[in-house]
Amino acid sequence: MTNLLSANLFRLRRSRLFWLSLLLTAAAGAWQPLQTWLEYQRKFPLDAVFFVYAMLIGLLLSVFLSLFFGAEYSDGTIRNKLAAGHTRVSVYLANLITAVFAALTFCSVYILCTLAVGVPLLGGPKAPGPLLTSLALSLLMAAVWCAIFTALIMNCSRKAASAVCCMLLFLLIFGTALTIYQILDAPEFYPSFGLVDGEMVSEMMRNPSYLQPEERWPYELLLDLNPQGQAVQFTDGSVTRPLQMLLCSVGVFAVTTAVGAALFRRKDLK
């Protein structure tokens, strides 16, 4: 597998797509705190804009990984690797490790640029402890995206089709995460306005869609199983179940990798 990883990393260094994605990531990381400072000055702490990358990394990886690894089918690289004596599992795992390396590189560059621009303009983080916890979980979340997209790409022989499927899958996961988050975020009461004796009055009405504490855990579990659901929590600063999020990420990564590798072992590459 060492030779496979070396070959993948060599391709990564020579890839214009990789360097373009890295440049866009750096620009986005520098622009977010600058835009916040121009609009709000120091009213917004750095913590409030630090995790914007968590919302974007899934979309970036859906495009980058599908084009980067999808070319292995169109160029015949997959068959060449197998003909050289490498097992299908080693080929799959080497691509997954390369994908995780690329994702962590994108996240690291974004974070470094955010800190380089944001700390002088907005000041340092107000809550470094929770921020570090969320940071570690967000990097694991990026690895989960890699596992999901690698499983799809390695079992789709056409680069264009894998790119479309990855983006559609991202949009589906994104929409599901927002729907679950909105259900959990529904207020218990909402104001109702009406006219009484010619005067506008308001009263608080109970929201029938509000979830009671004993009804929330299935939705919270679904939100934590969803990588974009975790991204919403990082961005919103509402990480209250770090252990559950950790276990969910590890579980999704392991299951997706096992299923993807098993399907790839049975795939007809002719």
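These numbers come from a predicted model, not from an experiment. (Residues numbered from 1 in each chain as written. Predicted model: local features only at pLDDT ≥ 70, side-chain atom pairs only at ≥ 80, totals over all residues. Heavy atoms only, no water.)

1. Let's talk about helix H8 (residues 213–225)
Between its first and last C-alpha atoms H8 spans 19 Å; for 13 residues at 1.5 Å apiece the expected length is 18 Å, and the two agree. Check the buried side of H8 and you find it contacts helix H7 (159–184), helix H9 (227–236) and helix H10 (242–266). (Helix = DSSP H or I, 4+ residues; strand = E, 2+ residues; numbered from the N terminus. Expected span 1.5 Å × (residues − 1). Contact = heavy atoms within 4.5 Å.)

2. A look at the environment of Gly-229
Note that Gly-229 resides in helix H9. Sequence separation between Gly-229 and Ala-177 is 52 residues, and the spatial gap between their C-alpha atoms is 4.6 Å.

3. Re the packing of aromatic side chains
This model, assessed by the stated rule, comprises 14 aromatic pairs. A ring pair is formed by Phe-18 and Trp-19, whose centres lie 5.3 Å apart and whose planes are at 70 degrees; its orientation type is edge-to-face. Look at Phe-18 and you get buried, because its relative accessible area is 5%. Summarising the aromatic geometry, the rings of Phe-64 and Phe-68 are spaced 5.4 Å apart at their centres and angled 15 degrees between planes, so their arrangement reads as stacked. Of this pair, Phe-64 and Phe-68 are both found in helix H3 (residues 52–74), four residues apart, which corresponds to roughly one turn of the helix. Joined through ring pairs, the aromatic side chains of Phe-18, Trp-19, Phe-64, Phe-68, Phe-69 and Phe-106 make up one cluster. (Phe/Tyr/Trp six-rings, centres within 6.5 Å; stacked < 30°, edge-to-face > 60°. Buried < 20%, exposed > 50% of the residue type's maximum accessible area, 1.4 Å probe, protein only.)

4. Notes on the nonpolar core
By size, the foremost hydrophobic cluster in this structure holds 47 residues, and its most contacted members are Leu-61, Leu-65, Trp-145 and Phe-149. Among the elements of the structure, helix H2 (16–40), H3, helix H5 (88–122), helix H6 (128–153), H7, H9 and H10 are those that each provide at least two residues to this core. Ranked by the residues each element gives to this core, the list is headed by H6, at 13 residues. Contact partners of Leu-65, with chain neighbours within four places excluded, come to Gly-70, Ala-99, Cys-146, Phe-149 and Ile-153. Core analysis: the second largest hydrophobic core is formed by 11 residues, Val-91, Ala-94, Ala-261 and Leu-269 among them. (Core = buried A, V, L, I, M, F, W, Y, C linked by side-chain atoms within 4.5 Å.)

5. What about H3?
Taking 1.5 Å as the rise per residue, H3 with 23 residues should run 33 Å; its terminal C-alpha atoms sit 34 Å apart, in good agreement. Along its length, H3 reaches its greatest deviation from straightness, about 25 degrees, at Gly-58. Within two residues after H3, Gly-76 carries a phi angle of roughly 80 degrees, on the positive side. (Bend = angle between axes of the 7 residues up to and from the residue.)

6. A word on the side chain of Gln-228
Topologically, Gln-228 is positioned in helix H9. Not counting residues up to four positions away in its chain, the partners in contact with Gln-228 are Ala-54, Met-55, Trp-145, Phe-170, Ile-173, Phe-174 and Ala-177.

7. Quick look at a nonpolar patch on the surface
A grouping of Leu-59, Val-63, Leu-67 and Met-167 is seen on the molecular surface, where their side chains present a nonpolar patch of about 270 Å² in accessible area. The element contributing the most residues to the nonpolar patch is H3, with three residues. Relative to the helices and strands, Leu-67 is located in helix H3. For Leu-67, a relative accessible area of 33% gives the class partly exposed. (Patch = residues over 30% accessible without salt bridge, like charges linked within 9 Å, V, L, I, M, F, W, Y side chains within 5 Å. Areas by Shrake-Rupley, 256 points an atom, 1.4 Å probe, with all protein chains shown as cover. Salt bridge = Lys/Arg side-chain N within 4 Å of Asp/Glu carboxyl O.)

8. A short note on the packing of H8 against H10
In the contact formed by H8 and H10, the axes pass within 8 Å of each other and the chain directions differ by 55 degrees. Overall, the two elements H8 and H10 adopt an arrangement that is oblique. As H8 runs across H10, the sense of the crossing is right-handed. For the pair H8 and H10, the contacting residues are Glu-220, Leu-221, Asp-224 and Leu-225 in the first and Gln-244, Met-245, Cys-248 and Val-252 in the second. (Axes fitted to C-alpha atoms, helices over the stretch in contact; angles between N-to-C directions. Parallel < 35°, antiparallel > 145°, perpendicular 65-115°, else oblique. Left-handed = near helix turned anticlockwise from the far one by under 90°.)

9. Side note on the pattern of salt bridges
Under the defined criterion, the tally for this structure stands at five salt bridges. A salt bridge links Arg-216 to Glu-220; its shortest N-O distance comes to 3.8 Å. Taken together, the residues span about one helical turn, with Arg-216 and Glu-220 both in helix H8 at a distance of four residues. Here the salt bridges share partners, and the residues they tie into one network are Arg-216, Glu-220, Asp-224 and Arg-241.

10. Focus: the side chain of Gln-32
Inspection of the secondary structure puts Gln-32 in helix H2. The exposure class assigned to Gln-32 is buried, which follows from its relative accessible area of 18%. Residues within four places of Gln-32 in sequence aside, it is in contact with Val-49, Val-52 and Tyr-110.

Don't take any of this as a statement about function, it's just geometry.
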